[in-house]
Structures are given as C-alpha cells and as structure tokens.
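Architecture at a glance
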Amino acid sequence: MTGRKTIELRQEADLVLLRKTCREMLIQLGFRLVAQTKLVTAASELGRNVLMHGGGGQVHLDVLERSGRRGLKMEFVDQGPGIADIKQAMTDGYTTAGGLGFGLGAARRLANEFIIQSMPGQGTRVTIIGWTV
C-alpha cells in the first residue's frame, strides 16, 4: 500500500468517511485492534476540530516505512483563524467551543508522534503518526 489519500472535511458526514478510511488503512498496515481504535479516535477528534474551529479543510493520509516499521501519517490542515496560544489549547479542559476541551491533548496521547503548527489568521496544521509494534 502506497500513495496519499486526501479527504475533504466540509461536513459531519466527512468524519464518517475519515474514520472508515483510517481504519481500513490501519488494518492493511497490520495495526492491532487497540492501536487502530486509538488512532481512529485521534483522527476523529482532529477532524472535528478542522470542522468546528477551522471551518473545514483536508486530511492527508500517507503510509510510512522507517527502520522496518510501517506507519500511518495523518496531516489535518485548515485555513481557519489559527491558534493564538498553542500551549493553552493543549491543556486538558481548555475549550473555545463549549466542548470538554480534551481533543488536542487526547490526540497527542493517542498517537506515537504529534506535531502542531498554527499562526493566528493563517490556519492550523496538526500531524499525527502511528507506528506498528
């Protein structure tokens, strides 16, 4: 399995496609059930953030191979208002949309690698990577 898959995130129904595609790719890569569940949950949280806070965007899914391990990289991109204070946004319980405020922190804990880049007025890019055992 190679190549990039891109999913447009414009409405709630797109999150269903994201979860389905993510799970299918993880199964094909040989991820165990618990790892699949963690990464699909992280993808769902980040996809929801793209919709709610970024006004929509895309997620790019790429298969990785490094040092004999296979992985899935998911890059969530929006052109929304951006995040003024990333450290504060990563704090559990912090919310600007009335939710529980666990999305970004949970995604960070559920993935093997987590990178967030954001500038006010320029959107946000969150990249997570999961590796097979």
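As recorded by an unreviewed UniProt entry, the chain carries the name Serine/threonine-protein kinase RsbT and is attributed to Geothermobacter ehrlichii.

Overview of the nonpolar core
Generally speaking, a soluble globular protein has its nonpolar side chains buried in company with each other. Counting 32 residues, the largest nonpolar core has Leu 9, Met 74, Phe 76, Leu 104 and Ile 128 as its most contacted members. By residue number, the principal contributor to this core is helix H2 (residues 33-54), which donates 7 residues. Beyond its immediate chain neighbours, meaning those up to four positions away, Met 74 contacts Cys 22, Leu 39, Ala 43, Val 59, His 60, Leu 61, Val 126, Thr 127 and Ile 128.

Some points on the pairing of strand S2 (residues 57-66)
Of all 10 residues making up S2, 7 are buried, and the element is well covered by its neighbours. In terms of strand pairing, strand S1 (residues 4-9) meets S2 through 6 bridges, oriented antiparallel. Counterpart to Leu 9 in the pairing with S2 is Gly 57. Judged from the 10 bridges that link them, S2 and strand S3 (residues 69-78) form a sheet pairing that is antiparallel. Each residue of the ladder has a partner; that of Val 63, found in S3, is Leu 72. Here S2 folds back onto S3, and the loop between the two strands holds 2 residues, one of which, Ser 67, carries a positive phi near 50°.

Here's the deal with the sheet that holds S2
If you walk across this open sheet you meet the 5 strands as S1-S2-S3-S5-S4, and the pairing is antiparallel. Where the open sheet ends on each side, the last strands, each with one partner, are S1 and strand S4 (113-119). Sheet twist, expressed as the mean angle between neighbouring strand axes with direction ignored, is 15°. Here H2 sits on the sheet and contacts S1, S2, S3 and strand S5 (123-131); the angle it forms with S3, its principal contact strand, is near 15°.

Criteria and cut-off values
- In every chain, residue numbers begin from 1 and rise along the written sequence.
- Local features in this predicted model are restricted to residues of pLDDT 70 or higher, and side-chain atom pairs are both shown and tallied only at a pLDDT of 80 or more, whereas totals for entire chains, interfaces and linings draw on every residue.
- Water and hydrogen atoms were dropped before computing side-chain values, which therefore reflect all heavy atoms in the structure.
- Within this scheme, the nonpolar core is defined by two criteria: the residues are buried Ala, Val, Leu, Ile, Met, Phe, Trp, Tyr or Cys, and they are joined through side-chain atoms within 4.5 Å.
- For the exposure calls, accessible area comes from a 1.4 Å probe over protein chains only, and a residue counts as buried if that area is under 20% of its type's maximum, exposed if over 50%, partly exposed in between.
- In this text, helices come from DSSP runs of H or I with a minimum length of four residues, and strands from runs of E with a minimum of two, each type numbered from the N-terminal end.
- Here, residues are in contact when the closest pair of their heavy atoms is within 4.5 Å.
- Strand pairing follows a simple DSSP-based rule, namely that at least 2 bridges must link the two strands.
- For helices, the axis comes from a line fit to the C-alpha atoms of the stretch in contact; other axes are also lines fit to C-alpha atoms, and the angle between any two N-to-C directions lies between 0 and 180 degrees.

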